[in-house]
Amino acid sequence: YNLAVCYRGLKDYTAALEEARKAVAFSPTDSESVLLSALIYQDMSDFESCLEFLQKYKKMIDNSPSKHVMETRQKDQIAYTNLKAAKNLIEKRKLNEAIQRLRIAEVFDPSQYTASIHETLSYTLRRVGKFDEALVEGNLALGQGNQASRDPNLIYNIACIYEGMGRFDDAI
C-alpha cells in the first residue's frame, strides 16, 4: 500500500497501480487499498475502472463500523475533485468526459456537493440531448431543498429540458 502511495505521488501510475493491486490481493478487506486503486485509475483517466473500484469501496465501507468517519471526508473529496474536473471539461466542450466525471462524483451521494453534482449533470445531459436522464437529475437537484433548489439557472435548465422533449406546457 505505501509503495503505491509513493509511486502515485511520483506520478508513476503504472507502478502505483501494480503495488495497489498487490495490496488488494494481500488484504482484500482493506478498503483503503481499494480506494487507492480507484484514485490511481482516476489519475490515469480510466474512469470505468475508477467507478468500479469506487463502488467496491463504497460497499466495503457501508458494512464498516467506522463508516461515517471515513465516508464523510473521502466522499466529499472525491465528489469535489470530480465536480471541479467536470466543470472544466464543460468549459472545454468535452461533455461526455464531463458526464463520466459527474457519474463518479455521484457514487458517494449524499455529500455536501450533491445538489451541485445533479444540477451540473442535468445541464450536461441536456446539452448532449439525453432529456429523460437530464430531467431526472434536475429533479434530484431540486429535491435537495437547499440553495440549489432556488437557483434560477436550474429552473431555466429544467424548462429547456421540457422544451427539448416537446412538452411545452411543462416548460412554462
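Shown above is the structure to which this text applies.
Owing to the predicted nature of the structure, the values given are computational and were not obtained by experimental measurement. (Residues numbered from 1 in each chain as written. Predicted model: local features only at pLDDT ≥ 70, side-chain atom pairs only at ≥ 80, totals over all residues. Heavy atoms only, no water.)

### With respect to helix α3 (residues 31-43)
Then step 1. Here α3 is 13 residues long and its end C-alpha atoms lie 18 Å apart, about the 18 Å a rise of 1.5 Å per residue gives.
Then step 2. With respect to burial, α3 is a largely interior element, 11 of its 13 residues being buried.
Then step 3. Looking only at α3, the buried set comprises Ser 31, Ser 33, Val 34, Leu 35, Leu 36, Ser 37, Ala 38, Leu 39, Ile 40, Tyr 41 and Gln 42.
Then step 4. Once α3 finishes, Ser 45 follows within two positions and takes phi at roughly 60 degrees, a positive value. (Helix = DSSP H or I, 4+ residues; strand = E, 2+ residues; numbered from the N terminus. Expected span 1.5 Å × (residues − 1). Buried < 20%, exposed > 50% of the residue type's maximum accessible area, 1.4 Å probe, protein only.)

### A word on the packing of aromatic side chains
Then step 1. A full pass over the atoms with the stated rule returns 2 aromatic pairs.
Then step 2. A ring pair is formed by Tyr 41 and Phe 53, whose centres lie 5.4 Å apart and whose planes are at 35 degrees; its orientation type is tilted. Taken as a pair, Tyr 41 in helix α3 and Phe 53 in helix α4 (residues 47-62) lie far apart in primary sequence, 12 residues in all.
Then step 3. Classification of Phe 53 by relative accessible area gives buried; the value is 14%.
Then step 4. With 5.5 Å between their ring centres and 45 degrees between their planes, Tyr 80 and Tyr 113 make a pair best called tilted. Taken as a pair, Tyr 80 in helix α5 (residues 67-91) and Tyr 113 in the loop between α6 (95-106) and α7 (114-127) lie far apart in primary sequence, 33 residues in all. (Phe/Tyr/Trp six-rings, centres within 6.5 Å; stacked < 30°, edge-to-face > 60°.)

### Remarks on the packing of helix α1 (residues 2-9) against helix α2 (residues 13-26)
Then step 1. Where α1 contacts α2, the two axes come as close as 8 Å, and the packing angle between them is 165 degrees. If you check the angle between α1 and α2, you find them roughly antiparallel. The crossing of α1 and α2 is left-handed. Of α2, the residues touching α1 (which contributes Leu 3, Ala 4, Tyr 7 and Arg 8) are Tyr 13, Ala 15, Ala 16, Glu 19 and Ala 20. (Axes fitted to C-alpha atoms, helices over the stretch in contact; angles between N-to-C directions. Parallel < 35°, antiparallel > 145°, perpendicular 65-115°, else oblique. Left-handed = near helix turned anticlockwise from the far one by under 90°. Contact = heavy atoms within 4.5 Å.)

### Regarding the environment of Glu 137
Then step 1. Take Glu 137: it is sitting in helix α8 (residues 131-142).
Then step 2. Under the relative-accessibility criterion, Glu 137 is labelled buried at 6%.
Then step 3. For the pair Glu 137 and Ile 117, spaced 20 residues apart in sequence, the C-alpha separation works out to 8.8 Å.
Then step 4. If we skip the residues at most four places from it in the chain, Glu 137 touches Arg 103, Glu 106, His 118, Leu 121, Ser 122 and Leu 125.

### Notes on the nonpolar core
Then step 1. Within the largest apolar cluster, 22 residues are counted, with the highest numbers of intra-cluster contacts made by Leu 54 and Ile 78.
Then step 2. If you list the elements that add at least two residues to this core, you get α2, α3 and α4.
Then step 3. In terms of residues, this core owes the most to one element, α3, which gives 7 residues.
Then step 4. Ile 99, Leu 102, Leu 121 and Leu 135 belong to the second-largest nonpolar core, a separate cluster that totals 20 residues. (Core = buried A, V, L, I, M, F, W, Y, C linked by side-chain atoms within 4.5 Å.)

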